[in-house]
Structure formats: structure tokens, C-alpha cells
Amino acid sequence: MQTGLLNTYQKSVSNRSYIAWVMSGALLTFYVLIYFTDFFTPIAAQLHLGGKWGMYGTLYTIFIVGFGIVFLRRHGQTPYQRLRTLSIMFFQVVFAFALPHVMEMFDTPGYNFAYFWPLNYSAFYPSTIASQPLPFILYSMIGAFILVPVLTFFYGKRWYCSWVCGCGGLAETAGDSFRHLSSKTTKAWRFERYSIHIVLLFAVVTTVIVVTSFIFESRTGDEFSVVYPIFSKIAGPVKGFYGFLVGAILSGVLGVGLYPLMGSRVWCRFFCPLAAFMGLIQKFGRFRITVKDEMCISCGNCSTYCEMGIDVRQYAQNNQDFKRAACVGCGICAHVCPRGVLKLENKWDFASWGDAAGVEHVDV
Amino acid sequence: MHYVIIGNGVAGINAAGSVRMRDSESKITIISSESDHFFSRTALMYVFCGQMSAEDVEPYERDLYARTNYDRVRGRVASVDSGANKLTLTSGEVVSFDSLLIASGSVPFMVDYPGIDLDGVGNFVTWQNLEWLTEQAKTARKAIIVGGGLIGIESLEILHLAGIKTTMVVREDSFWPIAFSKPEGDMITEHVRNHGAEMMLATETDEIVGENGSVTGLKTKDGQTLEADLIIFAIGVIPQTEFLKDSGIELSERGGIIVDEKLATNVPDIWAAGDCTAVVWFNGVRRPEQLWYTGRDQGKVAGFNMLATESERKDYKRKTFYNSAKFFDIEYTTAGYVNFNFDGERDWYQCDSIKETSQRITYMPDGAVIGFNMLGSRWDHRPLVKWVEEKRDIKWVLEHLHEACFDEEFSPKFKVTEPAPALT
Ligand SMILES: Cc1cc2nc3c(=O)[nH]c(=O)nc-3n(C[C@H](O)[C@H](O)[C@H](O)COP(=O)(O)OP(=O)(O)OC[C@H]3O[C@@H](n4cnc5c(N)ncnc54)[C@H](O)[C@@H]3O)c2cc1C
Ligand code: SF4
Ligand code: SF4
């Protein structure tokens, strides 16, 4: 028995009771206030935390570290869970929080080396580029176009989603009590495949429009700006809309606000463009989950506790190793399986290249 | 055609799937007295502990029956009239069939101890048992588990975790001797005790005592009275075939439905699969295979054969034995035949009492490996089974043993510390 999971369905925080609804309401309100108002600005100033975003970053880091410790007590029995949780705490504290602050002290713009385009959607906006030294800009490009795909190809998107990323960091730690609330239905899975790829497309289009319009504008008077004035006209609104919808509503307000009702990975599963990008690579990469044939007792622990809503049991009881684009490699399915059926592995397997694992939702 | 299946368990549902896959037209009726939806019996303990909800332990989405067009009957079959191809429910309703599969599973084996009918005495096998136990656990303070098997130790664990002072009473002088030698049995006993639960070995039940119709304790053969307001009997399960007594379907001595290698009973058009059958084991003995995966396999084969023509029919092939379980935090994998007491068999054994891991390999005098018993870490039974089937030499197996390790990534490397035996 996983004593850390005992009574999950009896605890009012984690069983969608009215307390969960109240929590969700409070989180939604908090995110609306911080994104769209200056409500927290004076509070942040009083606490000497800089602006409201300084305060937010501090809170965020405290949550990841605090609940990271809780997570370690709950699931830290195996090296994989220990290492990845320490890693996620480290990247939050050092890369997302401390380093940018230190850089600012030395009058360099704060830069998070663990935050890549298109999750960091403004990485290539001309305004960002103008404010950063060249090495950072180069790193942004190498990061997004070489580091991310290569690491994902070799190790799966888990190297980022459950070892490095801040959004994943909060989900894995503060969100751990809600992981079983992710929907395992076929319906949710169909929705996810549309929503996440649409956001990825939207992210690419937004960046392309903003960058193109800048190029055209900088060449005022030549034939391009005459032929395509539309770019300059829509660049502002498109950028603004992306920031509002994806940057604020989906990743913040809903992404965290719905933790107590829909699980901790609402953003990562349905909307994150970087997850979508890495998911596509993951299907062709080495990472997969190996299933021991005919050992599964169909108990459902794996599916229940998969925060990405993957119905792992379906693969396990059909004796199918699988690669799912959504899988963030948290390893919890393998961790909670009482029969040791599952194993996360990086393994060359040319036979199954690009194969989404034979089954999707199979029935007897 | 009308296919009727008694049992909405793993054998029944897999048989239905096997039929539906090749026949989208025929009527398929699944009868169960226990539940509307197929659920995983193996996961009852997790529902008790609030680790999963009722719906979480259902292996398929609830629209399964609508989507695959299975009719469902909630009711208990009272008798089967095999001559007339009809069965009768306890409600009096009659269902006729062209082809019948019996997949009625097991019932707990019970001994008629005095006091066995007292309130607070029960089992942990069915969904109704789960509901009963959940209710009992709200008020129980001291519990006793009688029997030292797999269901027994799961019951011990969940009651202990529910904060009830629980003692397991085991007749033998070490835990689960049909599977474990003394060192492994002792390791598990020790582990359980370290958790704060109690396991009493070499203790036999004499009678159950109570007051005003409710249980108050258990008397042992050596004269002790153990106090308890809840007692779970987990001394094994037997085929649930009472309702077949007068059906003309041939049953074994302990009630198992006698089937041939196609899983057909002695009556034409009546088949059987899962816990309720008695099949011939590798050593020639006929007895039930009370396992999840064998239930699934039997269901698939029986369903296939119900539809197939005589010449297409498949044999149900029993595989080399393997299984897994978990005793509190200690995971267990076995493959092949350990503790089957073959003439001349010997063991290679190593353990790490701090990490609570052990490995036992049984081999024959010529060195051929016949079985593995692995505790405390994860093992891939597939290579282990293969090595048994290939009759690999013990020395070779020890050199390659690490390849069968299935622990999570970053786990410490497995090492063979005990020397390989010298063969004479
Ligand atoms: C607590 C527990 C833990 C277990 N853990 C494991 C494990 O870890 N690994 C493992 O391999 N095995 C395990 N088992 C054993 C495993 O669950 C069984 O082998 C398996 O469920 C058998 O499946 P079945 O389909 O034959 O029967 P069942 O699942 O028992 O299904 C029987 C069905 O028949 C119906 N039925 C029976 N009689 C009638 C009637 N007269 N009228 C109408 N309907 C009827 C019942 O309602 C039920 O739907 C465990 C069992 C228990 C109780
Ligand atoms: S499939 Fe397993 S490893 Fe992947 S996200 Fe789900 S629980 Fe985590
Ligand atoms: S893979 Fe493990 S956790 Fe998942 S259903 Fe099978 S036995 Fe249960």
C-alpha cells in the first residue's frame, strides 16, 4: 500500500468536496487579481518583494520547496522520485528564482536558463531581443531548437516536464494531492489532442507574425510594408491576445485555479505549446514505458494517479509497451503499481518509431 | 444465437469480448449477482483504503455494455437445466440460452467453527464484503484475521492502516509455507510486526466466542482467548458452484467444474472459465487456478471456442507458473516452481535483511533451474520464465540474473553476493 495515498478519496481537499470548490474559487480570484489588477502591488511593496511579480515568484518558489518536501515524504521511497523532485526544487530555486535576481543585481536583465520558447512565448519578440545581450539570445535559440528537441529525443519530455519546468514543478509538488482528479475518459483525450496542438500552432503563428512585422517595419518604405501592411496592423493585437488567452488565462488562471477540481496538469495536458512540441518528438524518441506481459491485475492504481489522464491500465492489461505524447514521465504510475508491471525506460526500438503504441482506447 | 454468461468478472467479461469481436450480431447476456459493472476484485483493498473510488477500479469505461451491446441481468442464478438449455434465477425468472459460459468465480472456504454465524464475522472477497467491512471498520477496535494467505495479509494491512489493532492468526509455524521457506516467511512476519500489526504463528482456531449475537473474541486450540470485535476468515476460496449441484454438470470433489482442454464441460454447449473451473496442472493434478491472469486467459479461450467450429477450437494452454503479490511494502515475484518439492531439488538463496530483499532459486541436481522466488525488489518474470523453460544452468543464471531486474531507474545495481553452488 502507498501510505501516502491513503484516504485520498476521504480527504475533503482532494475529493472535490465544497472545500475544493472554495479553494478553486480562491485560486481563480487570486490569479485574476494578480494578472489584471494592481491589487497586490502595494502589498508586495510593503513586504519588500519588488513588484507584484516579485511577490508571486517568491510565493511560487516557497510552494515548490515546501510541497516538494511533502512530496518526498509521500513518494520519496525510490531514487527516481527523490532525484526528480530534488531536481525540480533546484531548478526553481536556482534557475527561476535566485539567478535572475543575482543577474539584476549586476545590472544584467534577469534571465531564466530553464525557460524555453514556446512556453516562454516572448523569447523571440523583438522587444525581448532588444533588451537582452547577444549570448542570451543565442541561448534562447539553441535552447528551443537544439537542446529541447535533442534531450527530448533521447530522454523523453520528462527531462523538462517533471525534472526542470516551473509549471511542472508546481504541479508535481503543490498539485500532488490532486493528480487523481485528471479525467481518464476518451472524451478528455480527444479534446486534449485538439486543444494542445491548436495552442502550439497559435504560438508559432504569433511569433512569426510579431517577428515578421518587426522586420517589415524596420524596412519602412520598401515594397514589403506596402504589400503586406496587414502584418504590422495585426501584430500588436495578436500578441496581446496570445498573452491574454494563453499566457494569463490558460496557464495561470485556469491552469492553477482548477487544480482542486481537474487535477494539477490542466495547463500541461491541454494547453502547453512546449509540451505539444516535445510530445511530437517523444513519439519518435527513445523514451517509453515498458509493460511486463500478463502481470497486470487491472487494479487501476496507475490510471488513477496519472496526472496526465493517461489510461495506463489499458496498455498494461493489453501487454503493450507504450509511448504517449502526453506522458510527462513523472513515474508515478510505475511507483504506485502494486505488481511492478511498469518501467520507464530510454531504449532504442526502431520497430515502434512514431507508433503511438498500437492501442489507444481498446476494449475487449 | 444467444450467448449467456454467468459472471461479470474477469473471465466472464473477457469471454464476452472474445465472442463480440467475431460476432457483432448475436445476443450476449451477462448475469451477475454482485455488481452492475465489471470491477477488479484484486483492487478491493484500495477501495477500502480510499486510495481509489468504485469507478477507478473498473477496468473499462462505463459505456462498455452499451457500446458492445451486452445485455445485463442483475440477479442470482439458482439452477441450470442443462437438458433444456435454460437457467432459473432466484427471482424465478427463466433465461434460455443457446450457449452458456459459467464464470462464477469463488466463494470463501469456511469451516463450521462454533460461533461462525456471529455478527462481526465475515470475509473479504466480494463487493458486498467490502461494503460490510467498511461499515464494521467504523466501530471496530480489535480485529483478527484467520488464515495466512494473500487475501489474509491484504486484510491485515488494510485494517491495520485503518487504525484497528489487528492480529493475524496463522496455523503454520511460518508465513505462507506453500510459497515460502522459513527465512522468507520470517522476513515477512518481521516486516509486518515492524509496521505494528501482529502475526501469531502456530496458532489454531478452536471456536469463536460472542455475546448477544456479536463476536467478542476467538479461542485458540492452546486455550488462549483473543479479544476481537471483528474477525475475517481468509482460509482460502473454493469454486462458487453450489447452484450447479443438480445440473448434470460434472464437478470435482471440491466443487470445481471439470473441463477439458477446450474448457468445455461434460454438457454440450456449456463452457466454464476462471476460478470456478478445475483444470489439469503441469503435474497432472486437477484443481482450480485462482488467479487474475489465468481467469482472463481462460475467459478468452472459452469465448473463442463457444463461437468456433469444432476443428477451429483452441486448447487452453497452461503456462509456466508465475505470479506476483505484495506484503505490506514488500513486493514479491515468483516464476517457475519453488517449494513444489521435486525429488533432489536444491536452493540457492541470498538475502539482505536491511533492505528486506531476498532471492531464492531452485534447481535440480544437474544444475537446471526450475524456479525463482524474489522478494523486496522488482523482477521481470519474462526472462525468469524463459530460463526455467530453457532449463538454464544455475551458474549461467546467476551470471545473467541482473538482466531480469525491473527496479525503477537509478536504483542501486543488483549484485549476486552468495557464491554459485558447486554441482556434484
Ligand atoms: C481480495 C482479493 C485479492 C486478490 N488478489 C489477486 C492478485 O493479486 N493476483 C491474482 O492473480 N489474483 C488475485 N485474486 C484472485 C482473483 O481476483 C480471481 O482469481 C479472479 O477475480 C477470478 O475471476 P473470475 O472471473 O473467475 O471470477 P469473479 O471475479 O469472482 O467473478 C464471478 C462473477 O460471477 C458472478 N456469479 C457467481 N455466481 C453467480 C450466480 N449464481 N448467479 C449470478 N452471478 C453469479 C459474480 O457476481 C461475479 O460477477 C484476488 C482475490 C481477492 C478476493
Ligand atoms: S503515464 Fe505514468 S509517467 Fe507518464 S505521466 Fe502518467 S503517471 Fe506519469
Ligand atoms: S499496471 Fe499495475 S497499477 Fe496499473 S492496473 Fe496493472 S497492476 Fe494495477
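Our structure's up above, just so we're on the same page.
Residues numbered from 1 in each chain as written. Chains lettered and ligands numbered in written order. Predicted model: local features only at pLDDT ≥ 70, side-chain atom pairs only at ≥ 80, totals over all residues. Heavy atoms only, no water.

To continue, consider the packing of aromatic side chains. Scanning the model with the defined rule gives 65 aromatic pairs over all chains in all. Among the aromatic side chains, those forming a connected cluster through ring pairs are Phe30, Tyr31, Tyr35, Phe36, Phe39, Phe40, Trp53, Tyr56, Tyr60 and Phe244 of chain A. The ring of Tyr65 of chain B has Arg72 of chain B lying over it, and the distance from NZ or CZ to the ring centre is 4.0 Å. It is Arg287 of chain B that lies over the ring of Trp281 of chain B; its NZ or CZ is 3.9 Å from the centre. (Phe/Tyr/Trp six-rings, centres within 6.5 Å; stacked < 30°, edge-to-face > 60°. Lys NZ or Arg CZ within 6 Å of the ring centre and 35° of its normal.)

To continue, consider the sheet that holds strand E5 (residues 86–89) of chain B. Residue and element names in this part refer to chain B. In spatial order, the strands read E4-E5-E6; together these three strands make up an open sheet with antiparallel pairing. The two strands at the open ends of the sheet, each matched to only one other strand, are strand E4 (77–81) and strand E6 (94–96). Neighbour-to-neighbour, the strand axes of the sheet open up by a mean angle of 20°, direction not taken into account. Alignment of E4 against E5, held across four bridges, turns out to be antiparallel. Within E5, the residue paired with Val80 across the bridge is Leu87. (Pairing = 2+ DSSP bridges. Helix = DSSP H or I, 4+ residues; strand = E, 2+ residues; numbered from the N terminus. Axes fitted to C-alpha atoms, helices over the stretch in contact; angles between N-to-C directions.)

Residues and elements named next belong to chain B. Between its first and last C-alpha atoms helix H6 (residues 182–194) spans 18 Å; for 13 residues at 1.5 Å apiece the expected length is 18 Å, and the two agree. Residues of H6 that are buried include every one of Glu184, Gly185, Met187, Ile188, Thr189, His191 and Val192, and no others. Just beyond H6, the residue with positive phi is Gly196, at close to 100°. (Expected span 1.5 Å × (residues − 1). Buried < 20%, exposed > 50% of the residue type's maximum accessible area, 1.4 Å probe, protein only.)

Let us look at the interface of chain B and chain A. Listed by partner, the interface residues are 54 residues for chain B and 51 residues for chain A. Interface of chain B and chain A: buried area, both sides summed, is about 4300 Å²; carbon and sulfur atoms make up 49% of it. Counting the surface chain B buries against chain A, the share from its top three residues, Gln51, Phe406 and Glu409 of chain B, is 16%. Remark: the boundary between chain B and chain A carries five salt bridges. Two residues, Arg339 of chain A and Glu154 of chain B, come together in a salt bridge whose shortest N-O distance is 3.7 Å. Joining chain B to chain A, the criterion identifies 26 residue pairs in polar contact (both at pLDDT 80 or more). For the side of chain B that touches chain A, the elements supplying multiple residues, two or more each, are helix H1 (10–22), helix H2 (44–48), helix H3 (64–67), helix H5 (150–161), helix H7 (292–307), strand E22 (322–327), strand E23 (330–336) and helix H8 (381–389) of chain B. Here the side of chain B that touches chain A gets five residues from one element, more than from any other, and that element is E22 of chain B. For the side of chain B that touches chain A, a count of residues per class yields 23 nonpolar, 13 polar and 18 charged. (Contact = heavy atoms within 4.5 Å. Buried area = accessible area lost by both parts, 1.4 Å probe. Salt bridge = Lys/Arg side-chain N within 4 Å of Asp/Glu carboxyl O. Polar contact = N/O pair within 3.5 Å; in protein donor to acceptor, adjacent residues only side chain to side chain. Nonpolar A, V, L, I, M, F, W, Y, C, P; charged D, E, K, R; others polar.)

For the rest of this paragraph, the subject is the site of ligand 1. For ligand 1, the set of nearby residues contains 32 residues, the closest of which are Arg339 of chain A together with Ser32, Val77, Asp275 and Trp292 of chain B. Residue Arg41 of chain B places a side-chain N or O atom 3.0 Å away from an oxygen atom belonging to ligand 1. Between an oxygen atom of ligand 1 and a main-chain N or O atom of Ala103 of chain B, the distance comes to 3.4 Å. Within the complex, the protein chains bury 95% of what would otherwise be the 990 Å² of accessible surface of ligand 1. Put simply, the parts of the chain that give the shell around ligand 1 at least two residues each are H1, strand E2 (27–32) and H5 of chain B. The residue makeup of the shell around ligand 1, split by class, is 13 nonpolar, 13 polar and six charged. There are two domains that each give the shell around ligand 1 at least three residues, and those are domain 1 (2–107 + 237–306) and domain 2 (121–233) of chain B. (Near = heavy atom within 4 Å. Areas by Shrake-Rupley, 256 points an atom, 1.4 Å probe, with all protein chains shown as cover. Domains from an automatic or database assignment.)

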